[in-house]
Amino acid sequence: MARLISLIAAALFTLFALLLPPLPFPVKTFDYVFMLDITRSMNVQDYTDADGGAISRLERSKGAMLAIARSLPCGSKVGLGVFTERSPALLYSPIDVCVDYPVLEASINELDWRMAWVADSNISQALYNTLELMQGNVLKGNKLVFFSDGHEAPPVNPRYAPEYSYLELLQNKPEDWRSGLIVGVGQHNKSKIPKFDEEGKQIGFYTAEDVPHASRFGLPADPSKVEGYIPRNGPWGTARVVGTEHLSNVREDYLKKIGKQAKMDYHHLQDDAGLSQALKQEAFANRQVQPTRLNAVSAVFALLMMVYCYHPFRPRWQFILP
Amino acid sequence: MNLAFSHPWLLLLLPLCLLPFASSLFERRPCASAELLALNPVTVWLNRLIVATAVISIASLITGIAGLHILEQTVTRTGNGAHIVFVLDRSASMNETFGGKTPSKDEQSKAQAARRLLSEFVSNRPHDLFGVAGFSTQPFYVSPLTEHKTAIQAAINSMETPGLAFTNVAKGLGMGLSYFRDQPHTGSRVIVLVSDGAASLDHRAQKILREWFERYRVSLYWFFLRTENGLGIYSEPDTPQDDNPRVMPERHLHKFFNTLSVPYHAYEVDTVESLQASIAELDELESLPLIYEEKIPRQSLSVWLYSLALMGILLLIAVKLLEKKS
């Protein structure tokens, strides 16, 4: 009798497996816009690839972007943009990481510092403008992943830093809300920045004479602190400033500071696994209902029933007792 | 036909198919003497048939759970279409209206109008491959020639974001042409340059562009989004002194394009309607026979396997019901 019942149950479960429509199930997906710094300091080769060769921060970031795209669950979307000086350029709005992966891969591989339309680098302004872009129609609801080394050139005057609280995007948001993640690219020790000619061939490195070492823009916040201050002829002092602006490392403190203002988390790029973990946080997830086919589960029950029906551990003889 | 499993490790369960050999569907009953039971060939074969049905049912359930499917296939077909690369101007002036003003609430900027119409165009041409390149002062690679329509739409979406710097047509076209480098030559090849300005090309750029257009046999469409009262492609100079590429870059760029050995069409567009009309004309002109690959998505065979299992199990139920009741 048990065998007959289990056979009938198996038949019913198989029927379910055939006819069960896709059921709505909640899944976690992520919608990101990757914004990559393509200013000159990103050419610093302070990462190593799998073979131990030196690769630039730019190449490292590109590798990390592809690794993240591969690790995100299907249904997640990734958009791509680059920034230089103060403005971001969106290449495309987010596309599916599974279906459109070939396109993502091709375009990320083609990202290049030579796309830069101007050469300066003002990261806090660029971040501000990117967030402004994020609140527009095209990118609404996506989270920003901002790849940068934090090295600004020429050095900026903190007096003219943008005021993030003006952004509508950041207003009236709960304490744990995040607009995205800043990814610090680069190592902590300083390295030389490669210099290229018009054709894109490397012709050496930037030297101390090539770059300004302190901000000369606008007026200083507190003139009394500037050595040799002359109101008209030397608002920034008359002393020659020497520094290490021709060398570059990741400016973590700075990135963390603007990240705090922009309600973004900070992550220092080391290995891909760490970054993809940082990007799979609850704060960035979208809860979505996706139709899921559970037919296989029903078929598993049918299989169990069949196995029960044919299991060989029955008593060999069943005597019919009077 | 290429078959594959989504969860091949589940095939480890396949030995379960052997269960019907180890156990019987029927109750064992005592019998006074085995000799009394005559085994005729029909009985033997019926028994084998019943065991085989059970084996097949279990096996098809397991392969169904393991997700047997036919792999995604590409089929080469011929149709009408083109390989089209959009070379999009991302300079700051694209964010103004055709009147040259910042758009008010119910007006469209040039970029918005172009975006909407191009995106309609893309969705109306199913077999074409599309690529997108952008340029302002520098060119940028946006998306390769691809049949992924959602990605193309996403790239066209980017036109609605703020523009960048200046208009460097030569580099943009160079980037667009480079997309055809490794493409098989089939159907029409088209570059659609969408810009609202022009720039003078130096001799080197002219030589390279001429060479590349010839080598890749790409026809050129120029949608020039003319701002009201601005200079256009067909503007005539007032004085001979003004007839130079610095003063009238549009006129001279048009002259240069006319000297190319490939088909060239220029559309001076100054309203949303005329832009629509010129896109419609492009749609009509560019459909040569095209060999394209159509992807047939992977097909799950689970339904067939479960049906097979269901039939087997129903048969077993019938057999079981016929068993002699005690």
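Rules used in this analysis
- Residues numbered from 1 in each chain as written.
- Chains lettered and ligands numbered in written order.
- Predicted model: local features only at pLDDT ≥ 70, side-chain atom pairs only at ≥ 80, totals over all residues.
- Helix = DSSP H or I, 4+ residues; strand = E, 2+ residues; numbered from the N terminus.
- Rg over C-alpha atoms; globule rule 2.2 N^0.38 Å.
- Buried ≥ 20, exposed ≤ 12 C-beta atoms within 10 Å, placed from the backbone.
- Contact = placed C-beta atoms within 7 Å.
- Pairing = 2+ DSSP bridges.
- Domains from an automatic or database assignment.
- Nonpolar A, V, L, I, M, F, W, Y, C, P; charged D, E, K, R; others polar.
- Axes fitted to C-alpha atoms, helices over the stretch in contact; angles between N-to-C directions.
- Parallel < 35°, antiparallel > 145°, perpendicular 65-115°, else oblique.
- pLDDT = per-residue confidence, 0-100.
- Expected span 1.5 Å × (residues − 1).

Within chain B one finds 9 helices and 10 strands. In terms of overall size, chain B is more extended than a compact globule, its C-alpha atoms giving a radius of gyration of 34 Å where 326 residues would be expected to give roughly 20 Å. Projected onto its principal axes, the C-alpha coordinates of chain B cover approximately 125 × 45 × 30 Å. For chain B, with 326 residues in total, the buried portion stands at 37%. Sequence-distant contacts in chain B: of pairs separated by 6 or more residues, those separated by 24 or more amount to 83%.

Bringing the overall build of chain A into the picture now. Looking only at helices and strands, chain A has 7 helices and 13 strands in total. Taking 2.2 N^0.38 as the reference for a compact globule, 322 residues should give roughly 20 Å; the C-alpha atoms of chain A span a radius of gyration of 29 Å, well beyond that estimate. Residue pairs at least 24 apart in sequence account for 78% of intrachain contacts in chain A once pairs closer than 6 positions are excluded.

We now examine the pairing of strand β4 (residues 129–135) of chain B. All names here are of chain B. In terms of residue burial, β4 counts as a mostly covered element, since 7 of its 7 residues are buried. Neither face of β4 is open: one carries Leu129, Gly131, Ala133 and Phe135, the other Phe130, Val132 and Gly134, and all of them are buried. Note that β4 and strand β5 (residues 139–146) share 5 bridges and pair antiparallel. Along β5, the bridge assignment pairs Ala133 with Tyr141. As consecutive antiparallel partners, β4 and β5 are separated by 3 residues.

Before going further, it helps to spend a moment on the sheet that holds strand β1 (residues 3–5) of chain B. All names here are of chain B. One open sheet accounts for 3 strands, arranged β1-β2-β10; its pairing is antiparallel. The sheet terminates laterally at β1 and β10 (299–300), the two strands that pair on one side only. Bridge analysis of β1 against strand β2 (residues 68–70) gives 3 bridges, and the strand direction is antiparallel. Of the residues in β2, the one forming a bridge with Ala4 is His69.

Residues and elements named next belong to chain A. If you check the domain split of chain A, you get domain 1 (23–211 + 246–292) and domain 2 (218–244). For domain 1 versus domain 2, the separation of C-alpha centres amounts to 34 Å. Across the boundary between the two partners, domain 1 contributes 7 residues, which contact 4 residues of domain 2. Of the residues assigned to the side of domain 1 that touches domain 2, the class counts are 3 nonpolar, 2 polar and 2 charged.

As far as domains go, chain B holds domain 1 (3–71 + 297–321) and domain 2 (75–294). Computed over C-alpha atoms, the centres of domain 1 of chain B and domain 2 of chain B are 63 Å apart.

Interface size is commonly expressed as the accessible surface area that is lost when the partners come together. Listed as interface residues are 50 residues of chain B and, on the opposing side, 51 residues of chain A. Looking at the side of chain B that touches chain A, the elements that each hand over two or more residues are α1 (19–22), α2 (41–65), β5, α4 (149–157) and α9 (302–321) of chain B. No other element matches α9(B), which puts 11 residues into the side of chain B that touches chain A. Within the side of chain B that touches chain A, the residues separate by chemical class into 29 nonpolar, 16 polar and 5 charged.

Okay, the packing of helix α2 (residues 57–71) of chain A against helix α3 (residues 101–109) of chain A next. Residue and element names in this part refer to chain A. Closest axis-to-axis distance for the α2/α3 pair is 10 Å, and the angle between their directions is 170°. By the criterion of interaxial angle, the relationship of α2 to α3 is roughly antiparallel. The residues of α3 that touch α2, namely those facing Lys62, Met65, Leu66 and Ala69, are Tyr101, Leu104, Glu105, Ile108 and Asn109. Tallied by class, residues from the contact of α2 with α3 come to 6 nonpolar, 1 polar and 2 charged.

In low-pLDDT segments, the atomic positions of the prediction should not be examined closely. Taken over all residues, the pLDDT of chain B has a mean of 83, while the share at 70 or more is 98%. We note a pTM of 0.77 for the whole complex and an ipTM of 0.76 for its interfaces.

Look at α2(B): 36 Å from first C-alpha to last across 25 residues, which is about the 36 Å you get at 1.5 Å a residue. Looking only at α2(B), the buried set comprises B:Ala54, B:Ser57, B:Ile58, B:Ser60, B:Leu61, B:Ile62, B:Thr63, B:Gly64 and B:Ile65. Elements that come into contact with the buried residues of α2(B) comprise α7 (295–309) of chain A together with α1, β2 and α9 of chain B. Just downstream of α2(B) lies B:Gly67, where phi reads positive at about 80°.

All names here are of chain B. Two elements in contact, helix α3 (residues 110–124) and α4, have axes whose closest approach is 10 Å; the angle formed by their N-to-C orientations is 170°. Between α3 and α4, the crossing angle belongs to the class labelled roughly antiparallel. Where α3 abuts α4, its residues Arg115, Leu118, Ser119, Val122 and Ser123 lie against Lys149, Ile152, Gln153, Ile156 and Asn157. Partitioned by chemical class, the residues of the contact of α3 with α4 number 4 nonpolar, 4 polar and 2 charged.

This part takes up the pairing of strand β5 (residues 87–96) of chain A. Burial analysis of β5(A) places 10 of its 10 residues in the buried class, which makes it a mostly covered element. Joining the antiparallel neighbours strand β4 (residues 77–84) of chain A and β5(A) is a turn of 2 residues, in which A:Glu85 adopts a positive phi near 50°.

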